[in-house]
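Per-entry structural report
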Amino acid sequence: KKREEDARQKKAQLAEDRRLATERSLLEEKAHQLAEERRIAGEKERKLAEEKKLEEKKALKKAQELEEKKKTESEAESKRQEAMQLVMTIEKEAMQVQMMKDDMHRPWACNIPLTYLMSRKCWKVAKLNPIYDCKAITDSMMQ
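As the structure is a computational prediction, the values presented were derived from the model and not from experiment. (Residues numbered from 1 in each chain as written. Predicted model: local features only at pLDDT ≥ 70, side-chain atom pairs only at ≥ 80, totals over all residues. Heavy atoms only, no water.)

A tally of regular secondary structure across the chain gives three helices and zero strands. Along the chain, helices and strands appear, N-terminal first, in the series α-α-α. Relative to the 2.2 N^0.38 estimate, which gives 15 Å for 143 residues, the radius of gyration of the chain is 54 Å and therefore markedly larger than a compact globule would have. Residues counted as buried form 3% of the 143 residues belonging to the chain. Counting every atom, the chain has about 14,100 Å² of accessible surface; 58% of that belongs to carbon and sulfur. Side-chain charges in the chain split into 34 positive and 29 negative, and the spacing between the mean points of these groups amounts to 1 Å. (Helix = DSSP H or I, 4+ residues; strand = E, 2+ residues; numbered from the N terminus. Rg over C-alpha atoms; globule rule 2.2 N^0.38 Å. Buried < 20%, exposed > 50% of the residue type's maximum accessible area, 1.4 Å probe, protein only. Areas by Shrake-Rupley, 256 points an atom, 1.4 Å probe, with all protein chains shown as cover. Lys, Arg positive; Asp, Glu negative; His and termini not counted. Charge placed at Lys NZ, Arg CZ, Asp CG, Glu CD.)

Time to look at a nonpolar patch on the surface. Together, Leu114, Tyr116, Leu117, Met118 and Trp123 make up an exposed nonpolar region whose accessible area comes to about 590 Å². Residue position: methionine 118 is located in the loop between α1 (2-104) and α2 (120-128). On the basis of relative accessible area, methionine 118 is assigned to the exposed category, the value being 74%. (Patch = residues over 30% accessible without salt bridge, like charges linked within 9 Å, V, L, I, M, F, W, Y side chains within 5 Å. Salt bridge = Lys/Arg side-chain N within 4 Å of Asp/Glu carboxyl O.)

This next bit is on the pattern of salt bridges. Any two side chains of opposite charge can pair, given that their charged atoms come close. Scanning all chains against the criterion turns up seven salt bridges. Residues arginine 8 and glutamate 4 are paired through a salt bridge, measuring 3.9 Å at the closest nitrogen-oxygen approach. Of this pair, arginine 8 and glutamate 4 both sit in helix α1, four residues apart, which is roughly one turn of the helix. Notably, a salt bridge pairs glutamate 23 with arginine 19, separated by 2.5 Å at the nearest N-O pair. Of the two residues, glutamate 23 and arginine 19 are both situated in helix α1; the distance of four residues between them amounts to about one turn of the helix. On the basis of relative accessible area, glutamate 23 is assigned to the partly exposed category, the value being 36%. Owing to a relative accessible area of 38%, arginine 19 belongs among the partly exposed residues under this scheme.

Position of isoleucine 137 among the secondary structure elements: in helix α3 (residues 134-142). Owing to a relative accessible area of 34%, isoleucine 137 belongs among the partly exposed residues under this scheme. Along the chain, isoleucine 137 and glutamine 98 lie 39 residues apart, while their C-alpha atoms are 29 Å from each other.

That is the geometry; function is a separate question.
Laid out in structure tokens, this is it:
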């Protein structure tokens with residue numbers, strides 16, 4: 001009887017050891033699966049973070065390019081405005097020079113003595129472009 005009881009206890013012990021071993025292997029397998037799931041979840045989070053950083057960099061680069069484009073456009077517009085102002089100034093000066101030439105031109109009738117008293121045009125020409133220079137004449141007489 002004792003042998004039978006010892007054999008039963010051994011069988012029970014072996015069955016218990018097998019059950020514990022299978023439970024342990026199941027637990028190890030579950031732990032391995034959880035670790036794998038955690039690793040996969042970590043990789044997904046890392047990939048999402050990288051994608052987010054990449055998108056932020058792209059958005060920042062696009063904003064910088066847009067800002068640079070606006071800056072170059074504004075610089076080009078200011079250069080065009082400066083060029084237009086320069087052209088306007090040159091044209092204005094050319095018109096003034098032309099008007100001065102027209103005013104300085106002495107018609108042949110203004111060469112007749114004392115005509116400047118009768119003609120407004122001759123009066124203007126006599127003031128702007130006198131036939132003789134008073135200062136030069138007085139300087140030459142002083143010498």
